[in-house]
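Notes for the structure review
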Amino acid sequence: MNSDLWPRPDLREGIQGEVTVTATPLPEEGEHEMNAEQSSSESELQELRDATKKAISQIQNPMVLLDPVCLGDVLQDWAPVLERVLGPEDYSVPREITPLEEEELVSSMSCCVGVQPEIVAAPSTNLDESAILTEEEDLGETIPCSTAPVRASFPPLANHVELIQLFSPKPLPPDLQADLSQLACLYLEMGCPGRGGVESVCVFLRRFFFLLDQERVRKMCMLRYREHREVLKAYIAGMLEFTQASKVVEVIQKGDLLKSLRSLRELQPWNTPLLLSHLYRLYEKHGELAVRAYPQFYPTILPSDIMAMALPSHFLPYLDNLVQSRAEQQRLSFLGSLLQPETLRQDWLELALSQDAPLRDDTLTPDGQPRWHSHFFSWGYGRLLSLLIRLPADLTSKQKMLEMCRTQGYWMGYLYLCRELQRRAEAFSAICRLDDMTLLEEDDGIVPQSLDEWVLLLQLSQQISSVDEATPTSPLPSSTNGSCSDDTNSNGTSDGSSDLSNSSNDWSIRVSPENIILRLVKVFGPDQALTALQERGIQVDLSSRSTLVCDLLRMAEKRQRALIQTMLERCDRFLWSQHA
């Protein structure tokens, strides 16, 4: 057919005369696609519901519930269905990213929290540009929204941002949501994701955060995943974002600690996970000053939560304030109730011995022996140390604590544990080197219980005196903050310690052979004591003053015997007169 027969377009109207044909889907086709997508979503949810019912029915079987292996296998069979329906889409097939999909990713990121502030873009060959992009993303804030996030439908790149899902990507019926929550928490508690490593646990927690019970996950982090801080970090990141819209956050960001604490008190009754997230914010803002105020939130917030949150040097003031907040007669039992598990005792004791403590060179000689009068040094956490040592413990724990006190030079605790473990010879040797006779007194000291122990103490004193350690040139400390006695004052020092330190130059408190002999003479009498020493071949050299003391004791002993004899005679006469 001749082409001239076709009508030509009128070009006089310019561009407006052009005819543009666009292929737009008919309303029937769009509706058909929506119906197909809805049908697919419903079929997926039905598949998830069926898998969930099957898993719950199997778990209700006691043979499965009481067998960790079988229980884990049931959960492992259920988890892939959950991952396929509510988890990220399959990224195994790479494809090109469209601008619309990039827009959807930005929208979805506003509903999630970034755990790793890395770049969501193709890897840059320019290192400086990459560093600038990373810094810019670090400074950005993520704000959760109330709608479900749109899952990105393209494969993650090399340095993708790991997102925490705060909301379900699909609407879930309440009954299915409750069942999924129970199974998801049980899946974490059984450590099933851990078969792929700790990172698998963190990935599961991030992807299904909207299903997990926040309090159960908190306990899991403290117990099962205690050694894997990555799991706790992922949990806290989710809780921080979950509570971002709270009014308390605005008060905390203003930086007023007192107003922030008042706002938290107004939230009572407290929800533990929500309160804990706000305390993390306060600690990040104020550090140790905030932690010292956290005892007021006990028992909602436990010491284990603060241990995971704060630095060791910041945790110790919190623990000391928490214990001191109880009445004095309740502190020992209260501290014992906090030791869950029991291994915390060793950790807390080691921490208290290393913080705000005297230098080891001041308490120990180069050969590891007690330095002269070093038990007078002040220990910053002496009250806490005293309680930790006096708590009931098994033999192994006491031996470990004894060795820790010895290596750190905490001699009051060392002597107390020596007495508890019946290692009296070691205690006497330490007392002779510390050179303080008050450590042999009844109140809190180790008193020799037999003549043989007195002789041993005398021999040790003679040996150490023969070595004749150099006289210390450093001034004597003025307090003994670290006594393990039961009667300590508010400063943690024993009553009368200041008098003891002021009179430390008095010869009567020195552990010298002559003073030991005088104590022995007072206990057993001059004649019996001196005779026993001579029989054991111990040379007794007494000064004129000591000889005078022995003579006075002999006279007092004779008068006492005469008085006793007179009283016995009078009693005898009285009894005979009554008999007649």
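Definitions and limits used
- Residues numbered from 1 in each chain as written.
- Predicted model: local features only at pLDDT ≥ 70, side-chain atom pairs only at ≥ 80, totals over all residues.
- Heavy atoms only, no water.
- Helix = DSSP H or I, 4+ residues; strand = E, 2+ residues; numbered from the N terminus.
- Areas by Shrake-Rupley, 256 points an atom, 1.4 Å probe, with all protein chains shown as cover.
- Buried < 20%, exposed > 50% of the residue type's maximum accessible area, 1.4 Å probe, protein only.
- Contact = heavy atoms within 4.5 Å.
- Polar contact = N/O pair within 3.5 Å; in protein donor to acceptor, adjacent residues only side chain to side chain.
- Expected span 1.5 Å × (residues − 1).
- Core = buried A, V, L, I, M, F, W, Y, C linked by side-chain atoms within 4.5 Å.
- Axes fitted to C-alpha atoms, helices over the stretch in contact; angles between N-to-C directions.
- Parallel < 35°, antiparallel > 145°, perpendicular 65-115°, else oblique.
- Left-handed = near helix turned anticlockwise from the far one by under 90°.
- Nonpolar A, V, L, I, M, F, W, Y, C, P; charged D, E, K, R; others polar.
- pLDDT = per-residue confidence, 0-100.
- Phe/Tyr/Trp six-rings, centres within 6.5 Å; stacked < 30°, edge-to-face > 60°.
- Lys NZ or Arg CZ within 6 Å of the ring centre and 35° of its normal.
- Salt bridge = Lys/Arg side-chain N within 4 Å of Asp/Glu carboxyl O.

1. Here we look at the overall build of the chain
Of the regular secondary structure elements, the chain holds 27 helices and two strands. For the chain, the computed accessible surface area is about 33400 Å², with 53% contributed by carbon and sulfur atoms.

2. Re helix α8 (residues 214-222)
Turning to α8, its buried residues are Q214, V217, R218, M220, C221 and M222. Buried residues along α8 sit against α6 (174-189), α7 (198-207), α9 (229-242), α12 (272-286) and α14 (303-309). Between a side-chain oxygen at the N-terminus of α8 and the backbone nitrogen of E215 the separation is 3.2 Å; the capping residue is D213.

3. Points about helix α15 (residues 312-324)
In this model, α15 (13 residues) spans 19 Å end to end at C-alpha, consistent with the 18 Å of a helix rising 1.5 Å per residue. Most of α15 is tucked away: ten of the 13 residues are buried. Where α15 is buried, its residues contact α12, α13 (288-291), α14, α16 (331-338), α17 (344-354) and α19 (382-390).

4. Looking at the nonpolar core
Of all hydrophobic cores here, the largest spans 135 residues; its most connected members are W78, L86 and Y294. Counting residues per element, this core draws most heavily on helix α3 (residues 68-86), which supplies nine residues.

5. Quick look at the packing of α3 against α6
Running from N to C, α3 and α6 cross one another at 120 degrees; their axes reach a closest spacing of 10 Å. With respect to α6, the element α3 is oriented oblique. As for how α3 packs across α6, the hand of that crossing is left-handed. Together, L71, L75, Q76, W78, A79, L82 and L86 of α3 and L180, L183, A184, L186 and Y187 of α6 make up the contact between the two elements. Residue classes in the contact of α3 with α6 are distributed as eleven nonpolar, one polar and no charged.

6. Concerning the confidence of the model for the chain
Where the model shows low pLDDT, its predicted coordinates should not be examined in detail. Confidence along the chain averages 77 in pLDDT terms, with 72% of residues attaining 70 or more. Here residues 1-23 scores under 50 on pLDDT; set against residues more than four positions off or in separate chains, the count is one contact. Across residues 486-504, confidence stays below pLDDT 50; counting only partners more than four residues off in sequence or on other chains, it has 35 contacts.

7. Structural notes on the packing of aromatic side chains
When we look at a pair of aromatic rings, we describe it by the centre distance and by the angle of the planes. Counted by the stated rule, this structure contains eleven aromatic pairs. Arranged with centres 5.1 Å apart and planes meeting at 70 degrees, the rings of W379 and Y410 form a pair that is edge-to-face. With a gap of 31 residues between them, W379 in the loop between α18 (360-363) and α19 and Y410 in the loop between α20 (395-408) and α21 (411-420) connect regions that are remote in the sequence. Residue classification places W379 among the buried residues on the basis of a relative accessible area of 3%. For Y410, a relative accessible area of 1% corresponds to the buried category. One aromatic cluster is present, built from ring pairs that chain together W78, Y187, F204, F208 and F210. The ring of F334 has R326 sitting right over it, with the charged end atom 4.2 Å from the ring centre.

8. Digging into unusual backbone geometry
With an omega of 0 degrees, the peptide bond running from Q268 to P269 counts as cis. Within the element layout of this structure, P269 appears in the loop between α11 (257-265) and α12. Each neighbour pair has its own omega, and for Q340 with P341 the value is 5 degrees, a cis peptide bond. By the secondary structure assignment, P341 is in the loop between α16 and α17.

9. Things to note about the environment of L264
Tracing the backbone shows L264 in helix α11. Judged by its relative accessible area of 0%, L264 is buried. Considered as a pair, L264 and L275 are eleven residues apart in the sequence and their alpha carbons are 7.5 Å apart.

10. Regarding the environment of C202
Along the chain, the position of C202 falls in helix α7. The spacing of C202 and I164 is 38 residues in sequence and 9.8 Å in space, taken between C-alpha atoms.

11. A short note on the environment of L172
Among the secondary structure elements, L172 is positioned in the loop between β2 (163-165) and α6. Overall, the relative accessible area of 16% leaves L172 in the buried class. With residues near it in sequence (within four places) discarded, L172 still touches L45, L86, Q177, L180, F210 and L211.

12. Things to note about the side chain of S461
Looking at the element boundaries, S461 is found in helix α23 (residues 451-467). Each residue touching S461, except ones within four places of it in the same chain, is listed here: C432, V511, S512, P513 and I516.

13. A word on the pattern of salt bridges
Counting across every chain of the model gives 16 salt bridges. Linking R383 and D320 is a salt bridge whose minimum nitrogen-to-oxygen distance equals 3.2 Å. Taken together, the residues R383 in helix α19 and D320 in helix α15 connect sequence positions 63 residues apart. Of the residues examined, R383 reaches a relative accessible area of 27% and is grouped as partly exposed. Linking E453 and R424 is a salt bridge whose minimum nitrogen-to-oxygen distance equals 2.8 Å. Of this pair, E453 sits in helix α23 while R424 sits in helix α22 (residues 424-434), placing them 29 residues apart in sequence. In this structure E453 comes out as buried when scored by relative accessible area, which is 16%. Judged by relative accessible area, R424 falls into the buried class, the value being 10%. The structure contains a network of salt bridges with shared partners spanning E215, R218 and D305.

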